[in-house]
Amino acid sequence: MPVPAPSRRYLRKMLRGTLGLAIGSATAFAELFYVVLGGLALAIPHLRGPVFAGARVLSEVERRRLERYLDAENATDYTGRRAMAYLIPRSVVGLLGAGIFLLILFGAGSGAVIVYQLLNGQSPGGGAPADWYDFITTGLFGALLIFLSVQGLIGIATLERKLARRFFGPSKKEQLRRRVSELATSRAEVVEAVNDERRRIERDLHDGVQQRLVALGMLLGRARRTSDPGHASELLRQAHEESQRSLHDLREVSWRVYPIALDTDGLHPALEALAERSDVPVHLRVDLPERPPAAIETVVYFVASEAVTNTIKHAAATRIDIEAERDGDRVRVRIADDGTGGAQESGGGLSGLARRVAAADGEFTVDSPHGGPTVVTAVLPCE
């Protein structure tokens, strides 16, 4: 029976983390040696610079190990002094990890001997025939040791991450630089999203409303020029129908620009109107005890609207589910359909939604394997 993909990913992650801890246990001996000798050398002023430089080299090895094997990313702008301070507790934690690995090896060897003895009819330790309860007690004791060993490795991994975050955490300068970079990116994304919206509105007006108004003008012109009252009446009837269609298209465009229900009634009624206007059946669930800020409501609505539009155009779906709920200090909107899948976050209107959500400091994800289903999720801060 094949192993499911999530289980394979978890197993690979677990094995990678165990390998990273084993490497850290080995490097701890060198770090302890360096901490002892380096601590003594710090008493000599002109050796402090080289000692701190060496400490930074060793710390950088540990930072890269944590990043590669334990998925713990940290800043690189720490000083040699902080690196030296980090190596002191880090070497102790590494030695604890080494002790756990040695106990695991000792336990595995002892377990192999005990199992061999039991299979040969001897009790654990030899010297007496095995009883029926020896198998049960040995199995329970082995399971307990395995559980404690796993918990010990998890604890070492947690300590490793916390130490690195404590000593390698970004400085105020690095935090400010990152925030400025995020704001610059968000500003560019907002500008691009606005430009995309303007281009879309122009296309809707040009390809829809403008064409119908041109047709309306042509019908009225033909009605004025004809001398046949019956033909003129027919043309006026067609012109009246065309004017109704023009008004309908204009309402559609104005609704897509910004639905007035969003301002007057809030997000829930606006989503209900969106569901009613959809050609594909939409099942709506809204759980928002308090009305979110207007800016968040707008983003949530347009995420749902664009996702529904994409589904109708491309997914060949028979059902759409929209869920909007409060999740602590965040608002989560989830749009799922049973269509053909294959949607890409980088393509079409979804890329504009991603930029719009990012501009509001939110998270946007698209899960759309080929064959479906497609799930679009946006999580936005609501404070």
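Relevant structure appears above.
Residues numbered from 1 in each chain as written. Predicted model: local features only at pLDDT ≥ 70, side-chain atom pairs only at ≥ 80, totals over all residues. Heavy atoms only, no water.

Chemist: Kindly report on the layout of surface pockets, identifying the contributing residues and their values.
Modeler: Its boundaries defined by the atoms lining it, the second largest pocket holds a volume of some 580 Å³. If you go around the second largest pocket, you meet 20 residues; those closest to its centre are Gly107, Ala108, Gly142, Leu145 and Ile146. Only helix H3 (80-119) and helix H4 (132-168) provide two or more residues apiece to the lining of the second largest pocket. When its residues are assigned to classes, the lining of the second largest pocket shows twelve nonpolar, eight polar and no charged. (1 Å grid on protein atoms, 1.4 Å probe; cavity = no way out; pocket = protein on both sides within 12 Å on 5 of 7 lines; lining within 4 Å. Points joined across faces, edges and corners; volume = space filled by probe spheres on them. Helix = DSSP H or I, 4+ residues; strand = E, 2+ residues; numbered from the N terminus. Nonpolar A, V, L, I, M, F, W, Y, C, P; charged D, E, K, R; others polar.)

Chemist: Describe in detail the environment of Leu350, supporting the description with residues and values.
Modeler: Looking at the secondary structure, you find Leu350 in helix H10 (residues 348-359). Leu350 sits in the buried class, given a relative accessible area of 5%. Separated by 14 residues in sequence, Leu350 and Phe364 place their C-alpha atoms 9.5 Å apart. For Leu350, the contacting residues outside a window of four places in its chain are Asn310, Ala343, Gln344, Glu345, Phe364 and Val366. (Buried < 20%, exposed > 50% of the residue type's maximum accessible area, 1.4 Å probe, protein only. Contact = heavy atoms within 4.5 Å.)

Chemist: Describe in detail the sheet that holds strand S1 (residues 282-287), supporting the description with residues and values.
Modeler: The strands making up a sheet associate through backbone hydrogen bonding, with each pair oriented either parallel or antiparallel. Read across the open sheet, the five strands follow the order S1-S2-S3-S5-S4; overall the sheet is mixed. The sheet terminates laterally at S1 and strand S4 (363-367), the two strands that pair on one side only. Strand-to-strand, the axes of this sheet are offset by a mean angle of 10°, without reference to chain direction. (Pairing = 2+ DSSP bridges. Axes fitted to C-alpha atoms, helices over the stretch in contact; angles between N-to-C directions.)

Chemist: Account for the nonpolar core, naming residues and giving values.
Modeler: Counting residues in hydrophobic clusters, the biggest one holds 33 residues, and the most contacted among them are Tyr301, Val303, Ile322, Ile335 and Phe364. A per-element tally of this core places helix H9 (residues 294-315) first, with nine residues. For Phe364, the residues in contact, after removing those within four places along its chain, are Val303, Glu345, Leu350, Leu353, Ala354, Val357, Val376, Thr377 and Ala378. Listed in part, the 24 residues of the second largest apolar core include Val51, Ala83, Val93 and Phe168. (Core = buried A, V, L, I, M, F, W, Y, C linked by side-chain atoms within 4.5 Å.)

Chemist: So what about the packing of aromatic side chains? Which residues, and what values?
Modeler: The tally for this structure, following the rule as stated, stands at four aromatic pairs. The interplanar angle of 45° and the centroid separation of 4.5 Å between the aromatic rings of Tyr86 and Phe168 together place this pair among those described as tilted. Placement of the pair is Tyr86 in helix H3 and Phe168 in helix H4, with a sequence separation of 82 residues. Given the relative accessible area of 0%, Phe168 is considered buried. (Phe/Tyr/Trp six-rings, centres within 6.5 Å; stacked < 30°, edge-to-face > 60°.)

Chemist: Quick one: what's the story with the pairing of S1, residue by residue and with numbers?
Modeler: Examined bridge by bridge, S1 and strand S2 (residues 320-327) share six bridges and lie parallel to one another. Counted as the bridge partner of Asp287 is Glu325 from S2. As for the winding sense of the linkage, the β-α-β connection from S1 through H9 to S2 is left-handed. (Right-handed = clockwise from strand over helix to strand, strands pointing away.)

Chemist: Explain a nonpolar patch on the surface to me, using residue names and the numbers behind them.
Modeler: On the surface, Leu32, Phe33, Val36, Leu37 and Leu40 cluster together to form a nonpolar patch covering roughly 490 Å² of accessible area. Positionally, Phe33 belongs in helix H1 (residues 5-41). Phe33 sits in the exposed class, given a relative accessible area of 57%. (Patch = residues over 30% accessible without salt bridge, like charges linked within 9 Å, V, L, I, M, F, W, Y side chains within 5 Å. Areas by Shrake-Rupley, 256 points an atom, 1.4 Å probe, with all protein chains shown as cover. Salt bridge = Lys/Arg side-chain N within 4 Å of Asp/Glu carboxyl O.)

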